[in-house]
Amino acid sequence: MKSSKVGPWLAIILGALYFIVPLIATFEFSLRMKRGQYSFEAYRIVLADPQFRATFLFSTIVALAAIVVGALLVVPTAYWVQLRLRRLRPLIEFITLLPLVIPAIVIVFGYIRMYNSSSILPLTSTAAGTNVLLTIGYVTLALPYMYRAVDTGLRAIDVRVLTEAAQSLGAGWGRILFRVIFPNVRVAVLSGAFLTFAIVIGEFTLASLLNRPAFGPYLQLMGANRAYEPSALAIIAFAVTWACMGLIQLVGRGARGATPVR
Amino acid sequence: MVDQSEAQAIAIPAQPAPARASTFSWAWIGVTPFLAFAVLFLIAPTLFLIVGAFQDAQGHFTLANLADLAQPSIVRAYRISLEISITSAILGAIFGSLIAAAAVLNGLPGWLRPTLLTFSGVASQFAGVPLAFAFLATLGRTGLVTYLLNTYLGFNLYSTGFNLLSFWGLTITYLYFQIPLMILIMTPALDGLKREWREASAILGASTWQYWRYVALPVLWPSLLGATLLLFANAFGAVATAYALTGSSLNIVTILLFAQIRGDVLHNANLGYALAFGMILITGVSNGAYIWLRSRGERWLK
């Protein structure tokens with residue numbers, strides 16, 4: 001029995017090496033800015049850079065907007081499909097999978113050509129309009145993950161009974177959605193939200209092609225011009241991704257013990 | 001409410017038709033915002049490019065754009081993209097499955113599995129520009145691994161012709177998100193292998209190899225192949241990592257399209273649409289096959 005465990009351990013250890021060595025290397029490289037000694041100089045420079053703050057703030061705001069729009073779009077739809085339009089489920093699921101099929105660069109290419117200054121809806125002709133388009137693009141990119149999270153959350157509760165109970169107490173549709181359904185799927189929405197944040201925060205293609213001052217293009221610019229700062233930025237980006245995934249687990253674990261709301 | 005209307009439907013046959021019609025129209029209104037969003041920001045922009053691929057500059061129907069895709073630089077871009085995507089998908093599938101199998105099947109310590117899955121969740125999302133930085137710091141000319149190999153083993157990686165800004169460099173980098181994605185997809189599939197199957201085959205005298213060859217792999221192959229196709233599409237559409245790693249020195253199709261969107265490097269807007277159409281076609285076929293295979297694979301997991 002013991003000898004049969006050598007193979008699995010080998011796979012795990014080699015895998016771990018492949019994934020940990022680049023992180024160590026990146027971290028080590030990020031400390032090398034001052035000659036002959038390890039220091040956090042690169043981090044200090046990055047964190048003090050007004051461009052870093054401005055772009056990170058911009059991407060955070062866009063991410064939050066994408067989360068709100070995504071949740072408002074997905075939760076009512078998934079709820080309604082579950083309650084009334086079960087035969088539409090395959091169609092809706094197919095649509096939510098499309099962003100995995102159509103590469104992001106193709107979607108944004110379509111946006112640029114469809115919503116340019118000569119179109120009926122000239123979103124790209126103003127900065128505000130382009131920000132709207134960028135947010136919408138991120139909602140689209142996160143759609144597969146947001147929809148799956150919310151759909152799983154809705155399957156776990158009895159949508160029909162909750163709706164009928166709320167209706168018999170005189171609640172209208174708005175009240176049912178925001179006071180009954182949303183609180184009951186908040187864990188699912190939150191995990192979708194953190195995943196959206198992780199996708200959006202360092203996203204490069206859309207932000208760059210729409211010419212927005214986001215964190216992803218800033219990262220790319222730093223990579224092209226600096227030596228040590230990019231490694232520090234990579235470590236920061238990894239920490240942000242890790243925090244998002246950790247929060248998903250934390251929220252999910254909290255949900256198991258908690259009692260359903262209302 | 002539903003029970004009541006159903007009861008009415010049975011009791012009074014004349015009544016239900018208008019009642020059902022009104023619920024029907026109500027019901028459609030509920031998904032209208034979503035469908036409008038999907039049409040405006042997902043389907044219409046894609047169709048716009050697809051239609052444009054079949055038009056000339058004056059808007060007349062033509063197949064010339066698709067024919068123009070056959071020029072050597074574009075064919076080469078597609079070929080390198082396909083090679084990198086296929087290689088990273090297959091290697092990612094093999095290593096990912098092996099690691100997932102090691103964690104799921106062979107009584108390794110209990111803490112290993114959740115750790116692996118959490119880490120895979122993080123690493124599968126850790127793509128784009130920061131990933132390129134990480135690999136430059138690892139395997140670049142001044143990277144840590146390059147330095148350690150040279151100093152302690154006297155092995156100069158770059159004298160072997162290796163270059164991070166090349167086919168293998170990009171493939172090794174892509175594996176950083178491909179392997180974790182495979183682990184995430186294959187873990188539930190491997191969980192679906194029932195203990196009884198292994199026991200039954202052992203009782204019938206099957207060796208471990210025979211169990212894998214005749215029982216486990218036939219059950220797993222739709223998931224395996226499907227996941228590999230998803231990995232392929234995942235790599236094929238990737239832009240940021242390659243762009244940050246190689247600038248525009250490696251001619252893959254996404255980088256060519258990126259340059260085309262930025263500044264019409266092909267000097268023909270409609271050829272750009274055709275380039276995008278080719279990408280949609282390739283990822284569409286592989287994802288379609290994935291969805292079909294996944295539905296086949298799930299039969300055994302129920």
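All values derive from a computational prediction rather than experimental measurement.

J.: Now, about the overall build of chain A: what can you tell me, with residues and values included?
T.: When helices and strands are tallied, chain A shows 12 helices and 0 strands. Secondary structure of chain A in N-to-C order comes out as α-α-α-α-α-α-α-α-α-α-α-α. Along the first, second and third principal axes, the C-alpha set of chain A runs to 75 × 70 × 30 Å. Put simply, 75% of the contacts in chain A that link residues at least 6 apart link residues at least 24 apart. Of the roughly 12,100 Å² of accessible surface on chain A, 67% is carried by carbon and sulfur atoms. Positive and negative side-chain charges of chain A, numbering 23 and 9 respectively, have mean locations separated by a distance of 5 Å.

J.: Now, about the overall build of chain B: what can you tell me, with residues and values included?
T.: Across its full length, chain B carries 13 helices and 0 strands. Across the 302 residues of chain B, 47% fall into the buried class. The long-range fraction of contacts in chain B, counting pairs at least 24 apart against all pairs at least 6 apart in sequence, stands at 71%. Total accessible area on chain B is roughly 14,500 Å²; 67% of this is exposed by carbon and sulfur atoms.

J.: Give me the lowdown on the interface of chain A and chain B, citing residues and values where you can.
T.: Each partner contributes to the interface: chain A provides 75 residues, whereas chain B provides 74 residues. When chain A packs against chain B, close to 6,800 Å² is buried across both sides, 80% of that on carbon and sulfur atoms. Connecting chain A to chain B are 0 salt bridges. Counting the contacts that link chain A with chain B gives 10 residue pairs in polar contact (both at pLDDT 80 or more).

J.: Describe in detail the side chain of B:Ser85, supporting the description with residues and values.
T.: Residues and elements named next belong to chain B. Mapped onto the elements, serine 85 comes out in helix α4 (residues 72–105). The buried category is assigned to serine 85, whose relative accessible area is 2%. Those residues in contact with serine 85 that sit more than four places away from it in its chain are Phe232, Ala235 and Phe236.

J.: So what's going on with unusual backbone geometry? Which residues, and what values?
T.: In this model, A:Asn211 sits at a positive phi of 60°, which is unusual for a non-glycine residue. Assignment of secondary structure puts A:Asn211 in the loop between α10 (205–209) and α11 (215–225). Phi at B:His267 takes a positive value of approximately 55°, unusual for a residue other than glycine. Positionally, B:His267 belongs in the loop between α12 (253–263) and α13 (269–297). With relative accessibility at 69%, the residue B:His267 sits in the exposed group.

J.: So what's going on with the packing of aromatic side chains? Residues and values would help.
T.: With the rule as written, the count across this model stands at 37 aromatic pairs over all chains. The interplanar angle of 50° and the centroid separation of 6.3 Å between the aromatic rings of A:Tyr18 and B:Phe135 together place this pair among those described as tilted. You can see A:Tyr18 sitting in helix α1 (residues 6–30) and its partner B:Phe135 sitting in helix α6 (residues 129–139), one on each of two chains. Given the relative accessible area of 22%, A:Tyr18 is considered partly exposed. Look at B:Phe54 and B:Phe61: their rings are 6.3 Å apart centre to centre, the planes differ by 0°, and that puts the pair in the stacked class. Judged by relative accessible area, B:Phe54 falls into the partly exposed class, the value being 22%. On the basis of relative accessible area, B:Phe61 is assigned to the exposed category, the value being 64%. Members of the aromatic cluster, joined through ring pairs, are A:Tyr18, A:Phe19, A:Phe238, A:Trp242, B:Phe119, B:Phe126, B:Phe135 and B:Tyr176. Across the ring face of B:Tyr214, the terminal group of B:Arg213 is positioned such that the distance to the ring centre comes to 4.7 Å.

J.: So what about the packing of helix α7 (residues 159–168) of chain A against helix α8 (residues 173–184) of chain A? Which residues, and what values?
T.: Residues and elements named next belong to chain A. Where α7 meets α8, the axes come as close as 10 Å, and the angle between the chain directions of the two elements is 140°. Comparing their axes, α8 and α7 come out oblique. The two elements α7 and α8 meet at a crossing, and its hand is right-handed. Along its contact with α7, which presents Leu162, Thr163, Ala166 and Gln167, the element α8 presents Trp173, Ile176, Val180 and Asn184. In terms of residue class, the contact of α7 with α8 is built from 5 nonpolar, 3 polar and no charged.

J.: Tell me what's going on with the packing of helix α8 (residues 167–191) of chain B against helix α10 (residues 208–236) of chain B, and back it up with residues and numbers.
T.: Residue and element names in this part refer to chain B. Contact geometry of α8 with α10 gives a least axis separation of 10 Å together with a crossing angle of 155°. Accordingly, the angle class assigned to the pair α8 and α10 is roughly antiparallel. The hand of the α8/α10 crossing is right-handed. Residue-level contacts link Tyr174, Phe177, Gln178, Leu181, Met182, Ile185, Met186, Ala189 and Leu190 of α8 to Leu220, Ser223, Leu224, Ala227, Thr228, Leu230, Leu231, Asn234 and Ala235 of α10.

J.: Which residues make up the confidence of the model for chain B, and what values go with them?
T.: Residue and element names in this part refer to chain B. When pLDDT is averaged along chain B, the result is 84; 89% of the residues meet or exceed 70. At the level of individual helices and strands, chain B shows its lowest average pLDDT in helix α1 (residues 2–11), which scores 42, and its highest in α4, which scores 92. A low-confidence stretch, residues 1–22 stays under pLDDT 50, and its non-local contacts, those more than four residues away or across chains, total 5 contacts.

J.: Got a sec to walk through the pattern of salt bridges? Specific residues and values, please.
T.: All names here are of chain A. Across all of its chains, the model carries 9 salt bridges over all chains by this definition. Here glutamate 28 makes a salt bridge to arginine 32, at a shortest N to O gap of 3.1 Å. Its relative accessible area of 28% is what places arginine 32 among the partly exposed residues. Here aspartate 151 ties to arginine 89 by a salt bridge, and the two come within 3.2 Å at their closest N and O atoms. With a gap of 62 residues between them, aspartate 151 in helix α6 (residues 127–155) and arginine 89 in helix α4 (residues 89–101) connect regions that are remote in the sequence. The same class applies to aspartate 151 and to arginine 89, which are both buried. Put simply, Arg89, Glu93, Asp151 and Arg155 are held in one network by salt bridges that share partners.

What counts, and where the lines are drawn
Residues numbered from 1 in each chain as written. Chains lettered and ligands numbered in written order. Predicted model: local features only at pLDDT ≥ 70, side-chain atom pairs only at ≥ 80, totals over all residues. Heavy atoms only, no water. Helix = DSSP H or I, 4+ residues; strand = E, 2+ residues; numbered from the N terminus. Contact = heavy atoms within 4.5 Å. Areas by Shrake-Rupley, 256 points an atom, 1.4 Å probe, with all protein chains shown as cover. Lys, Arg positive; Asp, Glu negative; His and termini not counted. Charge placed at Lys NZ, Arg CZ, Asp CG, Glu CD. Buried < 20%, exposed > 50% of the residue type's maximum accessible area, 1.4 Å probe, protein only. Buried area = accessible area lost by both parts, 1.4 Å probe. Salt bridge = Lys/Arg side-chain N within 4 Å of Asp/Glu carboxyl O. Polar contact = N/O pair within 3.5 Å; in protein donor to acceptor, adjacent residues only side chain to side chain. Phe/Tyr/Trp six-rings, centres within 6.5 Å; stacked < 30°, edge-to-face > 60°. Lys NZ or Arg CZ within 6 Å of the ring centre and 35° of its normal. Axes fitted to C-alpha atoms, helices over the stretch in contact; angles between N-to-C directions. Parallel < 35°, antiparallel > 145°, perpendicular 65-115°, else oblique. Left-handed = near helix turned anticlockwise from the far one by under 90°. Nonpolar A, V, L, I, M, F, W, Y, C, P; charged D, E, K, R; others polar. pLDDT = per-residue confidence, 0-100.

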